[in-house]
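Per-entry structural report
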Amino acid sequence: MISGILDVDAAVALAEGIADAARPIVLGYFRSDVRIESKFDASPVTVADREAEAAMRRLIEQIYPQHGIIGEEYGRVRSSARYVWVLDPIDGTKSFVTGKPLFGTLIALLRDGEPVVGVIDMPALGERWVGVAGRPTVFNRQIVKVRPCVELGAAWLYATSPEMFAGPDNADAFTRLRTRCRAAVYGADCYAYGLLANGTVDIVCEASMQPYDYCAAVPVITGAGGMITDWQGQPLDLASDGRVLAAGDPAIHAAAREALAA
């Protein structure tokens, strides 16, 4: 459970309020002639990303001015605080700008570096997962659970794109895992983690990730009974190397780690 001075229910309410505030901003630009810019790493960004994150930050500053904030568009403030919010206004901007509804808004609250609240909100689909340390994950207010999977050969594997496994080490490792699974599916971005929590996907394996890409998924997956770590099985935090492995079944998580390390 989340302990200490934080009012857990108030923090969860704020996390959902942040998602509620971002939704209409993001949807107001969806499937419109929005201008697409390129950031320093060549990834796309739009006014929707920036306006949504600005609104998200304002809400946090009003309620918890002592908390830290890390966001994809506006960087870090008070990031050494005990409580830090990690925000991604549009996870899956490539989906967003091409009219595909599989983009999400990600909100996480970290305590002493550990993700303890996570929201995966899908604005265009009207779907939302909320995960809280020590509590069951809910999807649109209903408790959800991961499913068992007997072996890698039966596992459905998701990753955002094969291009995220840059470099021979990552690419070779992912290929070993992919070829041992039943099938690999691409292009879901953060939605894949929600599907795993719902028990319709078995493994999500990704690389080249930033904290705002994975922190929100941690409480969502663990609260649904799954496992989410780095490729070595270590807990995810702000210092993780960007390689993420999530699975619904602990045995499959171990088998996937073995495939990645072989």
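The following refers to the structure shown.

Reading the values: rules and limits
Residues numbered from 1 in each chain as written. Predicted model: local features only at pLDDT ≥ 70, side-chain atom pairs only at ≥ 80, totals over all residues. Heavy atoms only, no water. Salt bridge = Lys/Arg side-chain N within 4 Å of Asp/Glu carboxyl O. Helix = DSSP H or I, 4+ residues; strand = E, 2+ residues; numbered from the N terminus. Buried < 20%, exposed > 50% of the residue type's maximum accessible area, 1.4 Å probe, protein only. Pairing = 2+ DSSP bridges. Contact = heavy atoms within 4.5 Å. Axes fitted to C-alpha atoms, helices over the stretch in contact; angles between N-to-C directions. Phe/Tyr/Trp six-rings, centres within 6.5 Å; stacked < 30°, edge-to-face > 60°. Core = buried A, V, L, I, M, F, W, Y, C linked by side-chain atoms within 4.5 Å. Expected span 1.5 Å × (residues − 1). Arc of directions from axis to C-beta. Polar contact = N/O pair within 3.5 Å; in protein donor to acceptor, adjacent residues only side chain to side chain. Lys, Arg positive; Asp, Glu negative; His and termini not counted.

**What to know about the pattern of salt bridges**
Across all of its chains, the model carries twelve salt bridges by this definition. For Arg-128, the salt bridge is made with Glu-16, and the minimal N-O distance between the two is 2.9 Å. Taken as a pair, Arg-128 in strand 8 (residues 127–132) and Glu-16 in helix 1 (residues 8–29) lie far apart in primary sequence, 112 residues in all. The same class applies to Arg-128 as to Glu-16, namely buried. Of the charged contacts, one joins Arg-141 and Glu-16 as a salt bridge, the two residues approaching to 2.8 Å between their closest N and O atoms. Separated by 125 residues along the polypeptide, Arg-141 in the loop between strand 9 (138–139) and strand 10 (142–143) and Glu-16 in helix 1 bring together distant segments of the chain.

**A closer look at the sheet that holds strand 9**
Spatially, 4-3-5-6-7-8-9-10 is the arrangement adopted by the eight strands of the open sheet, whose pairing is mixed. Each edge of the open sheet is held by one strand with a lone partner, namely strand 4 (75–77) and strand 10. Packed on one face of the sheet, helix 1 meets strand 5 (83–91), strand 6 (104–111), strand 7 (114–122) and strand 8 and runs near 155 degrees to strand 8. Contacts from helix 5 (residues 191–198) reach strand 7, strand 8 and strand 9 within the one sheet, and its direction differs from that of strand 8 by about 70 degrees.

**Comments concerning the packing of aromatic side chains**
If you walk through the whole model with that rule in mind, you get nine aromatic pairs. Between Phe-96 and Phe-103, the ring centres sit 5.1 Å apart and the planes meet at 85 degrees, which makes this aromatic pair edge-to-face. Like Phe-96, the residue Phe-103 is buried in the burial classification. Put simply, the rings of Phe-165, Phe-174, Tyr-186 and Trp-231 pair up and form one aromatic cluster.

**Some points on the nonpolar core**
Among the nonpolar cores identified, the biggest contains 58 residues, and Trp-129, Leu-177, Tyr-193, Ile-203, Cys-205 and Ile-228 are the most heavily contacted of them. Of all the elements, helix 5 adds the most residues to this core, at six residues. If we skip the residues at most four places from it in the chain, Ile-228 touches Tyr-193, Ala-217, Val-218, Ile-221, Thr-222, Leu-236, Val-244, Leu-245 and Ala-246. Val-12, Leu-14, Ala-15 and Ile-18 belong to the second-largest nonpolar core, a separate cluster that totals 32 residues.

**Things to note about helix 8 (residues 250–261)**
The first and last C-alpha atoms of helix 8 sit 17 Å apart over twelve residues, in line with the 16 Å expected at 1.5 Å per residue. The complete set of buried residues in helix 8 reads Ile-252, His-253, Ala-256, Ala-259 and Leu-260. Across the axial projection of helix 8, the buried residues extend over an arc of 125 degrees, all falling on one side. Opposite the buried face of helix 8, by more than 90 degrees, sit the exposed residues Glu-258 and Ala-261. Against helix 4 (168–180), strand 13 (203–206), strand 14 (227–229) and strand 15 (244–247) lie the buried residues of helix 8.

**Here we look at helix 2 (residues 47–63)**
With 17 residues, helix 2 should reach 24 Å at 1.5 Å per residue; the first-to-last C-alpha distance of 25 Å fits that figure. Regarding helix 2, the residues found buried are Ala-48, Asp-49, Ala-52, Glu-53, Ala-55, Met-56, Arg-57 and Ile-60. One side-chain oxygen of the residue at the start of helix 2 lies 3.1 Å from the amide nitrogen of Ala-48, identifying that residue as Thr-46.

**Considering the side chain of Asp-189**
Mapping Asp-189 onto the fold places it in the loop between strand 12 (183–186) and helix 5. An unpaired buried charge is present at Asp-189: no salt bridge exists, and Lys-100, the closest side chain of opposite charge, is 5.5 Å distant. Within polar-contact distance, the side chain of Asp-189 engages the side chain of Ser-95 at 3.3 Å.

**A closer look at the pairing of strand 15**
Side chains of strand 15 alternate between two faces, with Val-244 and Ala-246 and Leu-245 and Ala-247 buried alike. Relative to strand 15, strand 13 is paired through four bridges, and the arrangement is antiparallel. Residue Ile-203 lies in a different strand from strand 15, and its bridge partner there is Ala-247. By the bridge criterion, three bridges tie strand 14 to strand 15 in an arrangement that is antiparallel. Paired with Met-227 across the bridge in strand 15 is Ala-247.

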